[in-house]
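If you want the building blocks of each chain, they are given just below.
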Protein chains: 2
Amino acid sequence: MRQSQLFATTLREEPADAELASHRLLLKAGYIRQLAGGIYTYMPLGWRVLQKIESIVNEEMDRAGAQRLLMPALQPLELWQASGRERDYGPELIRLRDRHDREFALGPTHEEVIASLVGNELQSYRRFPVTLYQIQTKFRDERRPRYGLLRGREFLMKDAYSFDTDREGLDRSYQRMYEAYERIFTRCGLDYRAVEADAGAIGGDGGSHEFVALSESGEDTIASCSACGYAANVELSDVSHTATGDACPRCMEGGLQLCKGIEVGHVFKLGTKYTEALGALYLDANGRERASLMGCYGIGISRLMAAVLEQHHDASGMVWPAAVAPYAVHIVIVAIQDARQRECAERLYEQLRAHGIDVLLDDRDERAGVKFRDADLLGLPHRIVAGKHAQAGSVEYVAHSSGIREVLTIEEAAARVVARCGRRFAP
Amino acid sequence: MRQSQLFATTLREEPADAELASHRLLLKAGYIRQLAGGIYTYMPLGWRVLQKIESIVNEEMDRAGAQRLLMPALQPLELWQASGRERDYGPELIRLRDRHDREFALGPTHEEVIASLVGNELQSYRRFPVTLYQIQTKFRDERRPRYGLLRGREFLMKDAYSFDTDREGLDRSYQRMYEAYERIFTRCGLDYRAVEADAGAIGGDGGSHEFVALSESGEDTIASCSACGYAANVELSDVSHTATGDACPRCMEGGLQLCKGIEVGHVFKLGTKYTEALGALYLDANGRERASLMGCYGIGISRLMAAVLEQHHDASGMVWPAAVAPYAVHIVIVAIQDARQRECAERLYEQLRAHGIDVLLDDRDERAGVKFRDADLLGLPHRIVAGKHAQAGSVEYVAHSSGIREVLTIEEAAARVVARCGRRFAP
């Protein structure tokens, strides 16, 4: 992509009202724009990051045997009345009436819809187990939307749901998703902890884990034991009164450490709460009607983009992990009037693109200072500068994470980047 | 994918209330399920078709230089008041109030949002032209939703918007999109016509074309001239009173032919209607404030799936064009108890998947009649039957579109399918 044509404007001023680094940087670098409180447009750069995350999620859901579908955002309110959640959710549930005065909710999550769907489709025990997922825009009318993408009113979510006929099956489905989540967050470059959690308003009695990206700016507090590995959200009653240094409630030996984090994923064993409420019944091997056992598994896709940034930035801007960077390589032409610089840059641009590598070429007619400041802000993993060495057919290569600079020929630079990117960044 | 695990149920009964072939077949074959009037879940098979269409659209938008982003579904109602469309849209526009009593619309289209966005971002003539697009769930409260995916209340749409500084630029941007649309519909296997159209409620004065898939079940009527190639929607005033055989209003020589069709795409030259109303101004080379010239370009992605089916089905079921089929190959094991049949099928399944080909393997414990009826209903392009010839290491290969049957060895069958699919079906 030629940056002269890219629909992205970097801001010179610090954005007002952006407390967190992720919020500030996403606005400043032109990755997102706010339309209303907690409601954002994902600009081309932001959209590309979401796509990278979505690809990783798709691959891992597929590997875990989950099947993708797409459910509606508009949900008849009766479904929420049937489960009792219309009341529990309160004003966070966005409601509306259609022209015939029928009531709908704008889905913040889809337990009711999918339990009803699976109840209609799978009427014999032979058809189980199944795990289904979607990646979809969700709606939640937060009282006080804030922190940019961390607490929005319209957001992208991956929600998966498993259905089994017995407790062991649910345990296996849950474990498969748990492991898929570990792979997803690791691949996204996150430092995270999986901690025991409170099931909250979603209900269910079978256990629940939160995946928490460690960050001082997070709203969650987790307690972890250095001796036995126990970790839990402090909302959980048995650790809710601790403070740092208290004895671990599991092993009674280690001391608890507290740290802050951002919830990026949550897995729940729901049991029969929704399948019973929605009448999602199947016939077992003896011809008896039974409610299937359900699990649900969520990842905030847009929130994950912000959480990655909370962990990966420096004083100058973003520092994207390779797997989720909007482009792998940033080629900067220092002086666009210099034919030799343009030629070196264009040759590299074509060579790298021929290898299926995502490249952003800064071909703008701007001062070098502006270009370098923007490159620091955008934070792509590999940077190649076509500048003073171009006369001799060379460029400067900088790996963003290490900051190490090398002067290389065009062929050397191309080979270096291809070796480090491989085909991982192919579209 | 193993069909024993696929979340899809074929119906034995004809679905009630489904007048059109596409609606009936999508329900019967388990591609979609209705949640409420005009509101559908895309089941895994239906979702896969949408993904194939989306890939084609993405490739052609990319080739035309359009950049992808994602705008919110929740739009402040003031934007619609600013353009005057709140009134024009009437009850089809779904409105809601948030917990702070602020009014929002659920986006049926995004002219206001994007004009406002571009006005904020691009303040100099040097930043133009730009074409942006998104693929997103849209909402329209149809008075009488019907015909399945053809007239729904929640649907998937690709909407693109171009911004230029002069009329010639708008003409070029429009032409590029027009040509991209031709490629998209051709690749989806549609027999279509691009016809002159009425701009309707969306407004603008610069011209408009509809892309209409020819179909007796369509709601649009188009008139075309066999002599000069003129074609128009009969809603357009200058052909609104014709009937078959009338003289062409363009060349005055040829006779007009009428036929029915389904609108699958629509392109508009909007001019400054929205950019003026939303104050989307830039500074020209002389430092004067001007409103940019806008074009908008829509494709109903979910409607397109139905339109393809209206043209591609037979008495037994669907007949998917290769480019948009949910799977390229259907391997049917006639008798799952037969070890030799299973072995032949599994070998082929692995060989084809290793070539990146999407394969559905019918490994269900069902009667042969059920399996063949379902295979006819699902309508995948290539079918391979592991049946009575399996004992001799052979299978029966059937190309669905021609119906020609051949007995081939496993290696021959694999080679045949690979040659015909190439890598086009790779994930």
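Residues numbered from 1 in each chain as written. Chains lettered and ligands numbered in written order. Predicted model: local features only at pLDDT ≥ 70, side-chain atom pairs only at ≥ 80, totals over all residues. Heavy atoms only, no water.

1. Digging into the relation of the copies chain A and chain B
Okay, step 1: When chain A is fitted onto chain B, the two copies agree to an RMSD of 0.1 Å after a turn of 180 degrees and an axial shift of 0.0 Å. Here the transformation between the copies is reduced to the relation of a two-fold axis. If distances are taken from each C-alpha of chain A to the rotation axis, the shortest is found for L96 of chain A, at 2.8 Å. (Least-squares fit on C-alpha atoms with pLDDT ≥ 70 in both.)

2. Section: the interface of chain A and chain B
Okay, step 1: In this assembly, 52 residues from chain A lie in contact with 52 residues from chain B.
Okay, step 2: Interface area lost by chain A to chain B is led by F7, L70 and R99 of chain A, which between them contribute 17%.
Okay, step 3: At the junction of chain A and chain B, the tally comes to four salt bridges.
Okay, step 4: Note that R33 of chain A and E121 of chain B form a salt bridge whose closest N and O atoms lie 2.5 Å from each other.
Okay, step 5: In this assembly, chain A and chain B are joined by 24 residue pairs in polar contact (both at pLDDT 80 or more). (Contact = heavy atoms within 4.5 Å. Buried area = accessible area lost by both parts, 1.4 Å probe. Salt bridge = Lys/Arg side-chain N within 4 Å of Asp/Glu carboxyl O. Polar contact = N/O pair within 3.5 Å; in protein donor to acceptor, adjacent residues only side chain to side chain.)

3. Considerations on the domain arrangement of chain A
Residue and element names in this part refer to chain A.
Okay, step 1: Under the domain assignment, chain A is made up of domain 1 (21-314) and domain 2 (327-421).
Okay, step 2: Using only C-alpha atoms to locate each centre, domain 1 and domain 2 end up separated by 40 Å.
Okay, step 3: Between domain 1 and domain 2, the residue contacts involve eight residues of the former and six residues of the latter.
Okay, step 4: At the junction of domain 1 and domain 2, the tally comes to two salt bridges.
Okay, step 5: Across the pair D358 and R48 runs a salt bridge whose closest N-O atoms are separated by 3.3 Å. (Domains from an automatic or database assignment.)

4. Remarks on the packing of helix α1 (residues 21-28) of chain B against helix α8 (residues 301-311) of chain B
All names here are of chain B.
Okay, step 1: Two numbers describe how α1 lies on α8: the axes approach to 8 Å, and their chain directions differ by 105 degrees. Relative to α8, the element α1 lies roughly perpendicular. Mapping the contact onto sequence places A21, S22 and L26 in α1 and M305, A306, L309 and E310 in α8. (Axes fitted to C-alpha atoms, helices over the stretch in contact; angles between N-to-C directions. Helix = DSSP H or I, 4+ residues; strand = E, 2+ residues; numbered from the N terminus. Parallel < 35°, antiparallel > 145°, perpendicular 65-115°, else oblique.)

5. Some remarks on the sheet that holds strand β5 (residues 94-97) of chain B
All names here are of chain B.
Okay, step 1: Overall, antiparallel pairing links the three strands, which are arranged β4-β6-β5 in an open sheet. Where the open sheet ends on each side, the last strands, each with one partner, are β4 (74-76) and β5. Neighbour-to-neighbour, the strand axes of this sheet turn through a mean angle of 40 degrees, independent of strand direction.
Okay, step 2: Sheet topology places β4 next to strand β6 (residues 103-106); three bridges connect them, and they run antiparallel. Bridge assignment links Q75 to a residue of β6, and that residue is A105. (Pairing = 2+ DSSP bridges.)

6. Things to note about the environment of K371 of chain B
Residue and element names in this part refer to chain B.
Okay, step 1: Considering the arrangement of structural elements, one finds K371 in helix α10 (residues 368-378).
Okay, step 2: Residue classification places K371 among the buried residues on the basis of a relative accessible area of 0%.
Okay, step 3: Along the backbone, K371 and I39 are 332 residues apart, and their C-alpha atoms lie at a distance of 30 Å.
Okay, step 4: Once residues lying within four places of it in the same chain are set aside, the contact partners of K371 are V332, I333, V334, D362, D363, R364 and E366.
Okay, step 5: Here D362 takes part through its backbone oxygen, which lies 3.3 Å from a polar atom of the side chain of K371. (Buried < 20%, exposed > 50% of the residue type's maximum accessible area, 1.4 Å probe, protein only.)

7. What about the layout of surface pockets?
Residues and elements named next belong to chain A.
Okay, step 1: What the second largest pocket holds in volume is close to 1100 Å³.
Okay, step 2: Lining the second largest pocket are 44 residues, and of these R140, E263, H266, F268 and R303 sit closest to its centre.
Okay, step 3: Of all elements in the fold, only α4 (85-89), β8 (154-164), β11 (220-225), β13 (256-271) and β16 (293-300) reach the threshold of two or more residues within the lining of the second largest pocket.
Okay, step 4: Here the lining of the second largest pocket is composed, by residue class, of 18 nonpolar, 11 polar and 15 charged. (1 Å grid on protein atoms, 1.4 Å probe; cavity = no way out; pocket = protein on both sides within 12 Å on 5 of 7 lines; lining within 4 Å. Points joined across faces, edges and corners; volume = space filled by probe spheres on them. Nonpolar A, V, L, I, M, F, W, Y, C, P; charged D, E, K, R; others polar.)

8. Side note on the environment of N58 of chain B
Residue and element names in this part refer to chain B.
Okay, step 1: Mapped onto the secondary structure, N58 falls in helix α2 (residues 44-63).
Okay, step 2: Once the C-alpha coordinates of N58 and I184 are considered, the two residues, 126 residues apart in sequence, prove to be 9.5 Å apart.
Okay, step 3: What N58 contacts, discounting residues up to four positions off in sequence, is R68, Y133 and I135.
Okay, step 4: Side-chain polar atoms of N58 contact the side chain of R68, separated by 3.0 Å.
Okay, step 5: A polar atom in the side chain of N58 sits 2.7 Å from the side chain of Y133.

9. Looking at the sheet that holds strand β6 (residues 103-106) of chain A
Residues and elements named next belong to chain A.
Okay, step 1: Spatial strand order, β4-β6-β5: three strands in an open sheet with antiparallel pairing. Looking at strand neighbours, the two that pair on one side only are β4 (74-76) and β5 (94-97), the edges of this open sheet. Adjacent strand axes in the sheet meet at a mean angle of 40 degrees when their direction is disregarded.
Okay, step 2: One ladder, built from four bridges, connects β5 with β6; its direction is antiparallel. Bridge assignment links I94 to a residue of β6, and that residue is L106.

10. Comments concerning the packing of aromatic side chains
Okay, step 1: Summed over the entire model, instances satisfying the criterion amount to 20 aromatic pairs over all chains.
Okay, step 2: Judged by centre distance (5.9 Å) and plane angle (90 degrees), the ring pair of Y181 of chain A and F185 of chain A falls under edge-to-face. Remark: F185 of chain A and Y181 of chain A occur in helix α6 (residues 167-187); sequence separation between them is four residues, near one turn of the helix. The pair formed by Y181 of chain A and F185 of chain A is uniform in burial state, with each residue classed as buried.
Okay, step 3: By way of ring pairs, the aromatic residues Y178, Y181, F185, Y192 and F211 of chain A are connected into one cluster.
Okay, step 4: Residue placement shows R48 of chain B over the ring face of Y327 of chain B; its charged tip is 4.0 Å from the ring centre. (Phe/Tyr/Trp six-rings, centres within 6.5 Å; stacked < 30°, edge-to-face > 60°. Lys NZ or Arg CZ within 6 Å of the ring centre and 35° of its normal.)

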